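Architecture at a glance
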Amino acid sequence: MAAEDVRLLPAQRRRVIDTDVAPPGAAPVDEAFLPVGRRPRSAPVRGRLARWQREYVRTIVVADAVAALLGALAGWAVRFGDAPLHTGTVSGLSVAWTMVLLPPVWVLAMLLFRAYEPRFLGVGSEEFQKVLLAGTTVVAAVGTASWAFQLDVARGFVVVALPVAGILTVLGRLAVRRLLHRRRAAGQCMQSTVVAGHPQAVAALVRQVRRNTDHGLRVDAICTPDGRSTDELDALGVPVLGDLNRIAAVAGELDADVVATLTSPELDGPVLRRLGWELEDTRADLIVAPALTDVVGPRVVIRPVSGLPLLHVDRPELRGVRHVGKALFDRGSAALGLLLLSPLFLLLAVLIKLDSPGPVFFRQTRVGRDGREFQMVKFRSMVVDAERLLIDLRSRSEGNGLLFKMRQDPRVTRVGSFLRRYSVDELPQLFNVVGGSMSLVGPRPPLPKEVAEYGDDLRRRLLVKPGLTGLWQVSGRSDLDLEESTRLDLQYVENWSPAFDVMILAKTAQAVLGGRGAY
């Protein structure tokens, strides 16, 4: 056989060929030494999903079925109360069959709408969007079937059972997701990842992945254009196992779950297409990071042009009707919050006065939308002459460069330490929200001296109102460095939406109760 008729694969990727190539009982054949024409075109990948992924999916399937069953029981209880279910009647028989069929139909609908695909599970909102679509489809299907076949299904039963099943499904998935995030924070249930690209971009990705373990990516290997490491990569402790020609081989050797490629001239369209082909014989999914980062959600859509899948990026929504709705929601919610929290405000005012002399509230000039200054209000958490004492403490700052922060700041009072740990000192900013100078969600309100040092990029933070909470609040607060804080603020400005605000507000409670990064 001529040498040019044999295409060698990496020595580490050896397997036994299926029986259509090697007869039963034959010795194992090394695929690397088979002629191209005899090599299987698409060898099946055994164990496509990791064991923890299969267990996670099974848990969600069971949770969805239980949610549907509980929804059916709730519908029966509301519709029939304490009366026994008489299956001898047409109505009773229909309800009984509905209770039996709802769990499998519910799970089947989730399956058809791809609500069990691992790439949609664990993070993001796509999982719940698919749950919503599947639940809506079941409601429509039940209504259509009931009308078409003249089924005597009790409307009260259906109206209660299906919404309850939907709510319990979402709650069940949230509970399972939370457990997954806890395990990932402990280093479990992670996806082995190979990252390819230029060292500086790869290092930035590795740091970002390590900051947020919820996504479950663990970078185990790196491939660079020349196959060499740098001091920056060495400091991260991730080995460089080859150049860009060995990406698929490295993924096979490590049995990686994910291959992530970063934008570089060497990884152009044809190269990525061939890489996708090579990864078909591995368990690794291919993720391509576009050059445009921190632009997500509905702003980015695939727009086919002359057969090319191009990214269409909408303009950020900085004005318009939705911002008017946001302002109305902010002010109304803040006013209601002040009313409900007034007893707490009174209690905290007394504690602050008893703890140290001085005013209850602390006012400070901050910069808001379009560079307008305003007086931000907080509960006083420091001694009265804190600004004077700052001069002697400036050299001991543990902040991110622009901000002065100390984990054990001697200026903080005893009550103030509690207020700052759980962000209770921020609650008076609800007055700023009612007044219109702040929003419930937005970038952190900067000091004038910070704004004076802003470049063109940072000034985009001033296109929206600062917020009482934001991505900075739910992502680590004072533990974040300047680069990450800036990136999160700009990400919010570029991708604002009502759903984004709801997500941040939901995460704020968890971040505040945990107290991480608050000092």
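The paragraphs below set out a description of the structure included in this document. These numbers were taken from a predicted model, which means no experiment stands behind them.

**Quick notes on the overall build of the protein chain**
Broken down by element type, the protein chain carries 16 helices and eleven strands. If you sum the accessible surface of the protein chain, you get close to 28,600 Å²; carbon and sulfur atoms cover 61% of it.

**A few points about the sheet that holds strand β1 (residues 191–196)**
Consider a sheet: its strands pair through backbone hydrogen bonds, and that pairing is either parallel or antiparallel. The strand order across the open sheet built from five strands is β3-β2-β1-β4-β5, with neighbouring strands paired in parallel fashion. Only two strands of the sheet have a single partner each, and these edge strands are β3 (240–242) and β5 (285–288). The sheet shows a mean angle of 35° between the axes of neighbouring strands, taken without regard to direction. Examined bridge by bridge, strand β2 (residues 217–223) and β3 share two bridges and lie parallel to one another. For Cys-223, the partnering residue across the bridge sits in β3 and is Gly-242. On top of the sheet, helix α8 (residues 269–278) reaches β4 (258–261) and β5; it is set at about 160° to β5, its chief contact.

**Here we look at unusual backbone geometry**
Positioned with a positive phi, Cys-189 is a non-glycine residue whose angle comes to about 55°. Topologically, Cys-189 is positioned in the loop between α4 (155–185) and β1.

**Quick look at a nonpolar patch on the surface**
A contiguous nonpolar patch, built from Val-62, Val-66, Leu-69, Leu-70 and Leu-73 and spanning about 400 Å² of accessible area, is present on the exposed surface. Mapping Val-62 onto the fold places it in helix α1 (residues 51–80).

**Remarks on helix α5 (residues 199–211)**
Relative to the 18 Å expected for 13 residues at 1.5 Å per residue, α5 spans 18 Å between its end C-alpha atoms, a close match to the ideal helical length. Those residues of α5 not exposed but buried are Pro-199, Val-202, Ala-203, Val-206 and Val-209. The buried residues of α5 all sit within an arc of 130° when viewed along its axis, so they share a single face. Looking at the buried positions of α5, the neighbouring elements they touch are β1, β2 and α6 (231–236).

**Topic: the pairing of β5**
Consecutive side chains of a regular strand alternate in pointing toward one face of the sheet and then the other. Looking at chain direction, β4 and β5 are connected through four bridges and run parallel. Across the sheet, the residue bridging to Ala-260 is Ile-287, located in β5. One crossover worth recording links β4 to the parallel β5 by way of α8, and it is right-handed.

**Quick look at the packing of helix α9 (residues 321–355) against helix α11 (residues 414–421)**
Between two packed helices, both the angle of their axes relative to each other and the distance between the axes serve to describe the pair. Between α9 and α11, the shortest axis-to-axis distance is 8 Å and the interhelical angle comes to 140°. Relative to α11, the element α9 lies oblique. Residue-level contacts link Leu-348, Leu-351, Ile-352 and Asp-355 of α9 to Arg-414, Val-415 and Leu-419 of α11. Classifying every residue of the contact of α9 with α11 by side-chain character gives five nonpolar, no polar and two charged.

Reading the values: rules and limits
Residues numbered from 1 in each chain as written. Predicted model: local features only at pLDDT ≥ 70, side-chain atom pairs only at ≥ 80, totals over all residues. Heavy atoms only, no water. Helix = DSSP H or I, 4+ residues; strand = E, 2+ residues; numbered from the N terminus. Areas by Shrake-Rupley, 256 points an atom, 1.4 Å probe, with all protein chains shown as cover. Pairing = 2+ DSSP bridges. Axes fitted to C-alpha atoms, helices over the stretch in contact; angles between N-to-C directions. Contact = heavy atoms within 4.5 Å. Patch = residues over 30% accessible without salt bridge, like charges linked within 9 Å, V, L, I, M, F, W, Y side chains within 5 Å. Salt bridge = Lys/Arg side-chain N within 4 Å of Asp/Glu carboxyl O. Expected span 1.5 Å × (residues − 1). Buried < 20%, exposed > 50% of the residue type's maximum accessible area, 1.4 Å probe, protein only. Arc of directions from axis to C-beta. Right-handed = clockwise from strand over helix to strand, strands pointing away. Parallel < 35°, antiparallel > 145°, perpendicular 65-115°, else oblique. Nonpolar A, V, L, I, M, F, W, Y, C, P; charged D, E, K, R; others polar.

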